[in-house]
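Notes for the structure review
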Amino acid sequence: MLSVENVSSGYGETIIVNGVSISVNQGEIVVIIGPNGCGKSTLLKTIFGLIKPASGRIFFGDEDINGLKPFELVGKGIGFVAQTDNVFPSLSVMENLEMGGYICKNPDFQGIFDIFPILREKKKVKASSLSGGERQMLAIARALMTQPEMLLLDEPSAGLSPKMVEVLMGKIKEIKERGSSVLLVEQNAKSALRIADRGYILVMGKKMYEGRACEMLDHKEIGKLYLGKKEVTGT
Ligand SMILES: Nc1ncnc2c1ncn2[C@@H]1O[C@H](COP(=O)(O)OP(=O)(O)OP(=O)(O)O)[C@@H](O)[C@H]1O
Ligand SMILES: [Mg+2]
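Definitions and cut-offs
Residues numbered from 1 in each chain as written. Chains lettered and ligands numbered in written order. Predicted model: local features only at pLDDT ≥ 70, side-chain atom pairs only at ≥ 80, totals over all residues. Heavy atoms only, no water. Pairing = 2+ DSSP bridges. Helix = DSSP H or I, 4+ residues; strand = E, 2+ residues; numbered from the N terminus. Axes fitted to C-alpha atoms, helices over the stretch in contact; angles between N-to-C directions. Contact = heavy atoms within 4.5 Å. Left-handed = near helix turned anticlockwise from the far one by under 90°. Core = buried A, V, L, I, M, F, W, Y, C linked by side-chain atoms within 4.5 Å. Buried < 20%, exposed > 50% of the residue type's maximum accessible area, 1.4 Å probe, protein only. Near = heavy atom within 4 Å. Polar contact = N/O pair within 3.5 Å; in protein donor to acceptor, adjacent residues only side chain to side chain. Areas by Shrake-Rupley, 256 points an atom, 1.4 Å probe, with all protein chains shown as cover. Nonpolar A, V, L, I, M, F, W, Y, C, P; charged D, E, K, R; others polar. Salt bridge = Lys/Arg side-chain N within 4 Å of Asp/Glu carboxyl O. Donors = N, O, S within 2.8 Å, 3.2 Å for Na, K, Ca; no water. Arc of directions from axis to C-beta.

**Topic: the sheet that holds strand β7 (residues 150–154)**
Overall, mixed pairing links the 6 strands, which are arranged β6-β7-β8-β3-β9-β10 in an open sheet. Whereas interior strands pair on both sides, the edge strands pair on one side only; in this sheet they are β6 (78–81) and β10 (206–212). The sheet shows a mean angle of 15° between the axes of neighbouring strands, taken without regard to direction. Of the pairings in the sheet, the one linking strand β9 (residues 198–203) to β10 comprises 6 bridges and is antiparallel in character. Residue Arg 198 lies in a different strand from β10, and its bridge partner there is Arg 212. The sheet strands contacting helix α1 (residues 40–47) are β3 (29–33), β6, β7, β8 (181–185) and β9, and the helix crosses β7 at an angle near 150°. Across the sheet, helix α7 (residues 162–177) touches β3, β7 and β8, and the angle it forms with β8 is around 150°.

**A short note on the packing of helix α3 (residues 93–100) against helix α6 (residues 132–144)**
For the pair α3 and α6, interaxial distance at closest approach is 7 Å and the crossing angle is 35°. The two elements α3 and α6 cross, and the hand of that crossing is right-handed. Here Val 93, Asn 96, Leu 97 and Gly 100 of α3 come into contact with α6, specifically with Leu 138, Ala 141 and Arg 142.

**A look at the nonpolar core**
For soluble globular proteins, nonpolar side chains are generally found buried alongside one another. Within the largest apolar cluster, 44 residues are counted, with the highest numbers of intra-cluster contacts made by Phe 116, Ile 140 and Leu 184. In terms of nonpolar packing, the next biggest core, distinct from the first, is built from 28 residues, Val 7, Val 24, Phe 60 and Ile 65 among them.

**Points about the site of ligand 1**
Around ligand 1 sit 13 residues, and of these Gly 37, Lys 40, Ser 41, Thr 42 and Gln 187 come closest. Cys 38 has a polar backbone atom sitting 3.2 Å from an oxygen atom of ligand 1. In this structure, an oxygen atom belonging to ligand 1 sits 3.1 Å away from a side-chain N or O atom of Glu 155. Taking 640 Å² as the accessible area of ligand 1 by itself, protein coverage stands at 59%. By residue class, the composition of the shell around ligand 1 is 4 nonpolar, 7 polar and 2 charged.

**Section: the pattern of salt bridges**
Charged atoms that come close allow side chains of opposite charge to pair. If you walk through the whole model with that rule in mind, you get 8 salt bridges. Between Glu 63 and Lys 76 there is a salt bridge, with its nearest N and O atoms 3.3 Å apart. Here Glu 63, found in strand β5 (residues 63–64), pairs with Lys 76, found in helix α2 (residues 70–76); they are 13 residues apart in sequence, far enough to count as distant. Take Glu 63: its relative accessible area is 36%, and that puts it in the partly exposed class. In this structure, the salt-bridge partner of Glu 221 is Lys 224, at a minimum N-O distance of 3.6 Å. Of the two residues, Glu 221 and Lys 224 are both situated in helix α10 (residues 220–226); the distance of 3 residues between them amounts to about one turn of the helix. Relative accessible area serves as the criterion here: at 35%, Lys 224 is assigned to the partly exposed category.

**Some details on the coordination of the magnesium ion (ligand 2)**
For the magnesium ion (ligand 2), the full set of protein donor atoms is Ser 41 (OG) and Gln 83 (OE1), at a range of 2.0 to 2.2 Å. Of this pair, Ser 41 sits in helix α1 while Gln 83 sits in the loop between β6 and α3, and the two are 42 residues apart along the sequence. Using a relative accessible area of 33% as the deciding quantity, one classes Gln 83 as partly exposed.

**Notes on the pairing of strand β1 (residues 2–11)**
For a regular strand, side-chain orientation follows a simple rule: the groups alternate between the two sheet faces. Relative to strand β2 (residues 14–24), β1 runs antiparallel, the two being bridged by 7 bridges. Bridging from a neighbouring strand, Tyr 11 pairs with Thr 14 of β2. Once β1 ends, the chain turns through 2 residues before running back antiparallel as β2, passing Gly 12 with a positive phi of about 60°.

**Looking at α3**
Residues Val 93, Asn 96, Leu 97 and Gly 100 constitute the buried set of α3. Within α3, the buried residues cover an arc of 95° as seen down the axis, which keeps them to one side.

**Quick look at the sheet that holds strand β4 (residues 55–60)**
A sheet is described by the order of its strands in space; here 4 strands give the open sequence β2-β1-β4-β5, paired in antiparallel fashion. The outermost strands of the open sheet, each flanked by one partner alone, are β2 and β5. Pairing geometry for β1 and β4, over 5 bridges, is antiparallel. Bridged to Val 4 within β4 is Ile 58. Here α1 sits on the sheet and contacts β1, β2 and β4; the angle it forms with β1, its principal contact strand, is near 115°.

Coordinates in, geometry out; function isn't part of it.
Right under this line is the structure:
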């Protein structure tokens, strides 16, 4: 469904993402993990047309989407939630959702409130008064207003309590079950891999590993390096 082929991109002359190929099939949650500054956000921004790749190709379905603008990609069924500044703080929950759905003739508020009942309760509350978790839910809900087939999420669980991380992961799984495929960048790697089908590890702009999420959770080296697992030593 989404296919990134040998893409390099960065800022000005500086190449950050270096010859990366990844794919997301219909109905999958695919997670990208990797250390701070390895280029995860740069890769998502490149897919969403915010950065033009220096080389490589990006397909959505059969269509080469390389060079298309973000609003054109939204029209084609791609949604994006940025890592920071992803809601309008001075607007209410409802106004944020309306902004997200401005290109939709029949926005599905009901469906979104079914996934995030708390947003129904807090419809009139300013986004700046929401908790961190509620704000991330609003950011995701805003992107869902255009009913994307493919949702790109950049660290939605950053800064949340462990309990809230699990709640949010449950919501992302629900979004998949309702028919959107998800490409998820996460620091909370273990929690993300538990809901994911497949995963990639990015290190210094290069793809270092790809595999099934369940295998990555059990992988000794990956556990030690990226999932915060202690090495078990026999006595
Ligand atoms: N707008 C920018 N201009 C120049 N360099 C940038 C810009 N944004 C990011 N970078 C650099 O690109 C590199 C990769 O950044 P990126 O934000 O893609 O990493 P990341 O994997 O998302 O990190 P994190 O886990 O901290 O979010 C970093 O060295 C960063 O300093
Ligand atoms: Mg990032």
